[in-house]
Amino acid sequence: MYMKKLPNAPLQEVIFEGKWELSLDQQTSAFIDPEFQFALGKFQHVISSRFPYHKSKIPGDIPLQFLGHQPIHQFWTGEGVWPVIQLGPGVITVNDTEKNYEWDDVFFPLVKETLFNVKNAYVNDLSFISYTLRYIDVVKIKDYEFSNWFDFVKDNINFQFSNGYPLPGTLHNFKIEQSFRTEDAGLIEIGFSNGQDNQKEDIFIWQTAVTGRKPLFIEGLMEWLVLAHSHCSRIFKETCKEDFYASFVNR
Amino acid sequence: MQALLTDELNQYSTNTVMQLAEDKSSLIWHFRIRNLIAPNSTVFPDLLSFPPVIISFIQKLDSYINLNDNWDSYGAVAPSVISIRNARRFLINNANVSLPYYFISPGVNGEVMIELSKGRKAAEIYFNSDKSTELLLFENNNCLLESNLKDSIKELIKFFND
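Everything numeric here is computed off the predicted structure, so don't read it as measured data.

Student: Give a detailed account of the overall build of chain B, specifying residues and quantitative values.
Tutor: Helix and strand counts for chain B stand at 3 helices and 7 strands. Across chain B, helices and strands are ordered from the amino to the carboxyl terminus as β-β-α-α-β-β-β-β-β-α. Pairs at least 24 apart in sequence give 47% of the contacts found in chain B among residues at least 6 apart. Surface summary for chain B: the accessible area is close to 8,200 Å², and the carbon and sulfur share equals 50%.

Set out below in structure tokens:
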């Protein structure tokens, strides 16, 4: 049976990030978003009822041109409550966590609405030159059998790694990243690493991200998003071994 | 005019500066890993932040763009784009390196000077219009080293972290 949402999904965060083209300021030779300040006001006004909690990420008054493609403003659903929208010169992100996440009825419509709100806030059509859909999944290793990282990855993920030389000690940290170029959606990145969560518990982290760089207007971006999601969704299922995947359904 | 502010922050995602330890047999790594596990994440810590002193310096630095010739009423040359850009790159690259940033100012010949100071020790770094740099290390007002950043960045870090 098709499940819209895994009951115990390991999703830590899903991020959509879109960057549009900046303009070259002749006076300073800087790439800037000339409409940003004006658009910010319009954008904030439209989303303020749903995202009333505003937080500035940057202390002080750094010149905006220095922060091209860096989110400056966060708009939270409530204090510490996701989803969150981030806006900066030339960049918009939508961030959510497992608690709310569901693609068809929640996240995708939110990204779509956000992008159209951005479009409406700007006078000129935005040409997106980079866009990423990223999933970060995390499990605590204490919830699984664990003897070492090599076996943990081999037992749970359809991927394995080994050193072809004597180990100089116990594997303490690892971070494996691969990227694959696709014809349709752009670059697919898959990464596996270990880490600790904020309770200092050991965790296994895996990320799946799709990044496109072909210039697109918002309508094209919507189509790309659907495609990117289908890649991420498929890859998630394909990377997880059967029992590991089952733990997100049954645990 | 050359591009001044077009460097993407991602270019500075990893910054590693190596310093030889006292006995020169081991390496102490002064490093900042902006490990972009999730750029623009709201769950993972914000790794794009700079220490307040760096932000303050960059703000001042960017304001130098507006200075014209004779900005000091004594015939000083306006800070050059190259000087500003290279000073800015240095600050971003070394934002989290353990250095006692103290003062930043434009110079009379179009250069930018960053001063570092800790107790009896001080350093001056000049970012010149011709792309060159000068590094001077002082202790008790005596100049101990006259060099440039490229050749002596390790000495600079070691000087303030001994």
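So much for the structure itself; the text now carries on.
Student: Which residues make up the nonpolar core, and what values do they have?
Tutor: Core analysis: the largest hydrophobic core is formed by 63 residues, its most contacted members being Phe16, Leu115, Leu133, Phe204, Trp224 and Leu225 of chain A. At 9 residues, helix H4 (residues 218-239) of chain A tops the list of elements feeding residues into this core. Of the residues that make up this core, three or more belong to each of domain 1 (10-126) and domain 2 (136-162 + 171-251) of chain A. Formed by 30 residues, the second largest nonpolar core is a distinct cluster that contains Ile84, Ala123, Leu137 and Leu156 of chain B.

Student: Requested: an account of unusual backbone geometry, with residues and values cited.
Tutor: Residues Trp82 of chain A and Pro83 of chain A are joined by a peptide bond in cis, for which omega reads 5 degrees. Its place among the elements puts Pro83 of chain A in strand E6 (residues 81-88). Of note, Asn70 of chain B is a non-glycine position whose phi angle comes to about 65 degrees, a positive value. Among the secondary structure elements, Asn70 of chain B is positioned in the loop between helix H1 (52-63) and helix H2 (81-93). Residue class for Asn70 of chain B comes out partly exposed when judged on its relative accessible area of 41%. One non-glycine residue with positive phi stands out, namely Asn141 of chain B, at about 65 degrees. Along the chain, the position of Asn141 of chain B falls in the loop between strand E6 (133-139) and strand E7 (142-147).

Student: Residue-level account of the pattern of salt bridges, with values.
Tutor: Residues and elements named next belong to chain A. Summed over all chains, the structure comprises 11 salt bridges over all chains. We note a salt bridge from Glu113 to Arg50, for which the minimum N-O separation is 3.8 Å. With Glu113 in helix H2 (residues 103-121) and Arg50 in the loop between helix H1 (36-47) and strand E4 (53-56), this pair connects stretches of sequence that are 63 residues apart. Residue classification places Arg50 among the partly exposed residues on the basis of a relative accessible area of 39%. Between Lys154 and Asp151 there is a salt bridge, with the nearest N and O atoms lying 3.8 Å from each other. With Lys154 and Asp151 both in helix H3 (residues 149-156) and 3 residues apart, this pair spans about one turn of that helix.

Student: Account for the sheet that holds E7 of chain B, with residues named and values stated.
Tutor: All names here are of chain B. Judged by pairing direction, the sheet is antiparallel, and its 5 strands sit side by side in the order E3-E4-E5-E6-E7 without closing on themselves. Two strands close off the open sheet at either side, each with one partner strand: strand E3 (101-106) and E7. The sheet shows a mean angle of 15 degrees between the axes of neighbouring strands, direction not considered. The pairing of E3 with strand E4 (residues 112-118) spans 5 bridges and is classified as antiparallel. Looking at the pairing, Ile104 lines up with Ile114 of E4. Against the sheet, H2 contacts E3, E4 and strand E5 (121-127), and its axis sits at roughly 30 degrees relative to E4. Its contacts with the sheet put helix H3 (residues 149-161) on E4, E5, E6 and E7, and the angle it makes with E6 is roughly 25 degrees.

Student: How would you sum up the packing of aromatic side chains? Please name residues and give values.
Tutor: Counted by the stated rule, this structure contains 33 aromatic pairs over all chains. Ring geometry for Phe146 of chain A against Phe152 of chain A: centres 5.9 Å apart, planes inclined by 50 degrees, an arrangement best described as tilted. Residue Phe152 of chain A is classed as buried on the basis of its relative accessible area, which comes to 1%. Aromatic side chains Phe204 of chain A and Trp206 of chain A sit 5.5 Å apart centroid to centroid with 20 degrees between the ring planes, which places their arrangement in the stacked category. Note on Phe204 of chain A: relative accessible area 0%, which makes it buried. What makes Trp206 of chain A buried here is its relative accessible area of 0%. For the cation-ring pair, Lys121 of chain B lies above Phe159 of chain B, with the distance from its terminal atom to the ring centre recorded as 5.1 Å.

Student: How would you sum up H3 of chain A? Please name residues and give values.
Tutor: Residues and elements named next belong to chain A. Burial in H3 covers these residues: Trp149, Phe150, Phe152, Val153 and Asn156. For H3, the secondary structure elements touched by its buried residues are strand E8 (128-140), strand E10 (187-196), strand E11 (202-212), H4 and helix H5 (242-250). The opening residue of H3, the one whose side-chain oxygen lies 3.0 Å from the backbone nitrogen of Phe150, is Asn148.

Student: How would you sum up the sheet that holds E11 of chain A? Please name residues and give values.
Tutor: Sheets are built from strands that pair by backbone hydrogen bonding, the pairs being arranged parallel or antiparallel. Residues and elements named next belong to chain A. Spatially, the 9 strands line up as an open sheet ordered E4-E5-E6-E7-E1-E8-E11-E10-E9, and their pairing is antiparallel. Looking along the sheet, the strands with just one partner apiece sit at the ends: E4 and strand E9 (175-181). The sheet shows a mean angle of 15 degrees between the axes of neighbouring strands, direction not considered. As defined by bridge partners, strand E5 (residues 73-78) adjoins E6 across 5 bridges and the pair is classed as antiparallel. Looking at the pairing, Trp76 lines up with Val84 of E6. Running at roughly 25 degrees to E8, H4 makes contact with strand E1 (11-20), E8, E10 and E11 of the sheet.

Cut-offs applied
Residues numbered from 1 in each chain as written. Chains lettered and ligands numbered in written order. Predicted model: local features only at pLDDT ≥ 70, side-chain atom pairs only at ≥ 80, totals over all residues. Heavy atoms only, no water. Helix = DSSP H or I, 4+ residues; strand = E, 2+ residues; numbered from the N terminus. Contact = heavy atoms within 4.5 Å. Areas by Shrake-Rupley, 256 points an atom, 1.4 Å probe, with all protein chains shown as cover. Core = buried A, V, L, I, M, F, W, Y, C linked by side-chain atoms within 4.5 Å. Buried < 20%, exposed > 50% of the residue type's maximum accessible area, 1.4 Å probe, protein only. Domains from an automatic or database assignment. Salt bridge = Lys/Arg side-chain N within 4 Å of Asp/Glu carboxyl O. Pairing = 2+ DSSP bridges. Axes fitted to C-alpha atoms, helices over the stretch in contact; angles between N-to-C directions. Phe/Tyr/Trp six-rings, centres within 6.5 Å; stacked < 30°, edge-to-face > 60°. Lys NZ or Arg CZ within 6 Å of the ring centre and 35° of its normal. Polar contact = N/O pair within 3.5 Å; in protein donor to acceptor, adjacent residues only side chain to side chain.

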